[in-house]
Amino acid sequence: MITLGVETTAHTFGVGIIKDKKILANVKDTYTTETGGIIPVQAAEHHKRVAEDILKRALDKASISMGDVDLIAYSRGPGLGPCLRAGSRFAAGLSFKNRIPLIGVNHCIAHLEIGSMISDVKDPVLMYVSGANTQVIAYESGKYRIFGETLDMGLGNFLDSFARYLGIGFPGGPKVAKLAEKGKQFVKLPYVVKGMDISLSGILTNLKQKVEKIKSGKVDYTINDLCYSVQEDVFSMVLEVTERAVFHCNKKEVLIGGGVGCNKRLQEMSRKMCEEDNLKLYVPENNLLSDNGVMIAWLGYKKFKALREDEKQELTVKSKEDVMNVEVRPYERTDMVKVYWR
Ligand code: ATP
Ligand code: FE2
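Now for a look at the structure at hand. (Residues numbered from 1 in each chain as written. Chains lettered and ligands numbered in written order. Predicted model: local features only at pLDDT ≥ 70, side-chain atom pairs only at ≥ 80, totals over all residues. Heavy atoms only, no water.)

Some remarks on helix α6 (residues 201-215)
Note that an α-helix has 3.6 residues per turn; residues three or four places apart therefore point the same way.
Link 1 in the chain: For α6, with 15 residues, the first-to-last C-alpha span of 21 Å sits near the 21 Å given by 1.5 Å per residue.
Link 2 in the chain: Burial in α6 covers these residues: Ile203, Leu204, Asn206, Leu207, Lys210, Val211 and Ile214. Projected down its long axis, α6 carries its buried residues within an arc of 160 degrees, all on one side.
Link 3 in the chain: The inward-facing, buried residues of α6 contact α4 (155-166) and α7 (223-249).
Link 4 in the chain: One or two positions beyond α6, positive phi appears at Gly217, with a value near 70 degrees. (Helix = DSSP H or I, 4+ residues; strand = E, 2+ residues; numbered from the N terminus. Expected span 1.5 Å × (residues − 1). Buried < 20%, exposed > 50% of the residue type's maximum accessible area, 1.4 Å probe, protein only. Arc of directions from axis to C-beta. Contact = heavy atoms within 4.5 Å.)

Quick look at the site of ligand 1
Link 1 in the chain: Around ligand 1, the surrounding shell holds 25 residues, and the nearest of these are Tyr128, Ser130, Gly131, Asp160 and Asp291.
Link 2 in the chain: A distance of 2.5 Å is found between an oxygen atom of ligand 1 and a side-chain nitrogen or oxygen belonging to Ser130.
Link 3 in the chain: Between ligand 1 and the protein, one listed contact pairs an oxygen atom with a backbone N or O atom of Val260 at 3.4 Å.
Link 4 in the chain: The fraction of the free accessible surface of ligand 1 (640 Å²) that becomes covered by protein chains is 90%. (Near = heavy atom within 4 Å. Polar contact = N/O pair within 3.5 Å; in protein donor to acceptor, adjacent residues only side chain to side chain. Areas by Shrake-Rupley, 256 points an atom, 1.4 Å probe, with all protein chains shown as cover.)

Things to note about the layout of surface pockets
One way to see where empty space is left: roll a probe the size of a water molecule over the atoms.
Link 1 in the chain: Of the pockets and cavities examined, the second largest pocket occupies roughly 250 Å³.
Link 2 in the chain: Taken together, 16 residues form the lining of the second largest pocket, with Lys48, Arg85, Ala86, Arg89 and Phe90 sitting closest to its centre.
Link 3 in the chain: The set of elements that each furnish at least two residues to the lining of the second largest pocket consists of α1 (40-62) and α2 (81-98).
Link 4 in the chain: For the lining of the second largest pocket, the element with the highest residue contribution is α2, accounting for nine residues.
Link 5 in the chain: Of the residues that constitute the lining of the second largest pocket, the class distribution is eight nonpolar, three polar and five charged. (1 Å grid on protein atoms, 1.4 Å probe; cavity = no way out; pocket = protein on both sides within 12 Å on 5 of 7 lines; lining within 4 Å. Points joined across faces, edges and corners; volume = space filled by probe spheres on them. Nonpolar A, V, L, I, M, F, W, Y, C, P; charged D, E, K, R; others polar.)

A look at the nonpolar core
Link 1 in the chain: Among the nonpolar cores identified, the biggest contains 46 residues, and Leu155, Phe158, Phe162 and Val234 are the most heavily contacted of them.
Link 2 in the chain: Secondary-structure elements contributing two or more residues to this core are β6 (125-129), β7 (134-140), α4, α5 (172-180), α6, α7, β11 (253-257) and α8 (264-277).
Link 3 in the chain: The leading source of residues in this core is α7, at twelve residues.
Link 4 in the chain: Apart from the residues lying within four places of it in its own chain, the contact partners of Phe158 are Met153, Leu200, Ile203, Leu204, Leu207, Val230 and Val234.
Link 5 in the chain: Among the nonpolar cores identified, the runner-up in size contains 33 residues, and Val121, Tyr139, Tyr144 and Ile146 belong to it. (Core = buried A, V, L, I, M, F, W, Y, C linked by side-chain atoms within 4.5 Å.)

Some details on the packing of α1 against α2
Link 1 in the chain: Two numbers describe how α1 lies on α2: the axes approach to 7 Å, and their chain directions differ by 25 degrees. Accordingly, the angle class assigned to the pair α1 and α2 is roughly parallel. Between α1 and α2 lies a crossing of right-handed hand. Contacts between α1 and α2 involve Pro40, Val41, Ala43, Ala44, His47, Lys48, Ala51, Glu52 and Leu55 from the former and Pro82, Cys83, Ala86, Phe90 and Leu94 from the latter. (Axes fitted to C-alpha atoms, helices over the stretch in contact; angles between N-to-C directions. Parallel < 35°, antiparallel > 145°, perpendicular 65-115°, else oblique. Left-handed = near helix turned anticlockwise from the far one by under 90°.)

With respect to the coordination of the iron ion (ligand 2)
Link 1 in the chain: Within the protein, the iron ion (ligand 2) binds to His107 (NE2), His111 (NE2) and Asp291 (OD); these donor distances fall in the range 2.0 to 2.2 Å.
Link 2 in the chain: Counting along the primary sequence, the residues that act as donors to the iron ion (ligand 2) give the motif H-x3-H-x179-D. You can see His111 sitting in helix α3 (residues 107-118) and its partner Asp291 sitting in the loop between α9 (286-289) and α10 (293-305), a full 180 residues away along the chain. The burial state of His111 is the same as that of Asp291; both residues are buried. (Donors = N, O, S within 2.8 Å, 3.2 Å for Na, K, Ca; no water.)

Observations regarding the sheet that holds β11
Link 1 in the chain: Strand order in the open sheet made by the five strands is β8-β7-β6-β11-β12, with mixed pairing throughout. Each end of this open sheet is capped by a strand with a single partner; those strands are β8 (143-149) and β12 (280-282). Put simply, the sheet's adjacent strands are angled 25 degrees from each other on average, direction ignored.
Link 2 in the chain: The pairing of β6 with β7 spans five bridges and is classified as antiparallel. Its bridge partner lying in β7, Val125 is registered against Ala138.
Link 3 in the chain: Across the face of the sheet, α3 comes into contact with β6, β7, β8 and β11 while running at roughly 125 degrees to β6.
Link 4 in the chain: Running at roughly 160 degrees to β12, α8 makes contact with β6, β11 and β12 of the sheet. (Pairing = 2+ DSSP bridges.)

Geometric descriptors of this kind do not, in isolation, establish any biological role.
Given below as structure tokens:
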């Protein structure tokens, strides 16, 4: 069975094609800005502009045509309204034109479920660290529950904001990581874990003050030291919450998800923690950690397989009007989704 997944929750327009568990294509194009953050309407315009080309490239890569596709999956939420609408209408249009069933999936859960496509992971705690989201998630009685999360900004957005302040461009995570390699001393920063949640905005303010001190020559540490220290600090915070969730839920596996998961130092710290606690760690490759269409296709496939035949029949989009009205859920939280496919 061939599934095509469309991802458009934020800056990335991605199309993934899978044949059962096998990846046939994973093509994406990301909206970037020279300065400042993402402007939702502009990102949506980007998605509309590149959609046909990305689809064509994915089909070519997979050596198939639309007629070979058995199911289309799209990210229904959470995400930026204009971006979600651009992607869902594109996917619904394909469903209508080609008479293919269409299924919507939750983006955050797709980050988690991708683990089961690429490995033998069974029941992990997901450390989900992306731009907009930072959540520690695990399955308990019918739903993926959030055991801890950020109280303000996501880890990626936090690193991006810090990088913007330093004037080193977007996305900031990889740039901070590069500078951190040359850091020599640890500079003490606020460490903010409140119960099972973390908070990052105060650390950002503190970092900005420290940058100003460096500029005025008042301190002996450098920007490299700050980059090194901020990684040690905030990654420890997320790992502390993850570790507690693991023991609370009595799980044996940790899965990393989201773009910040590409960070080599975070992976190394996670590996160390898992070794000490006798846990198995799963780290998808970079292309599957950051936003992508493959994870959307995979979750769509899993959900579809769990439906009855009559439910499957209902999924194909039947009119142009239905294409425009296809459902999006910009604020859907992970723990609102009933997990019927496990
Ligand atoms: P979501 O909608 O799930 O919140 P997202 O749209 O923010 O996802 P992702 O692709 O999952 O997108 O993650 C992007 C983030 O990952 C950016 O903030 C970027 O700075 C960060 N990032 C990418 N590579 C690295 C790295 N090596 N180290 C740290 N951060 C990284
Ligand atoms: Fe994401």
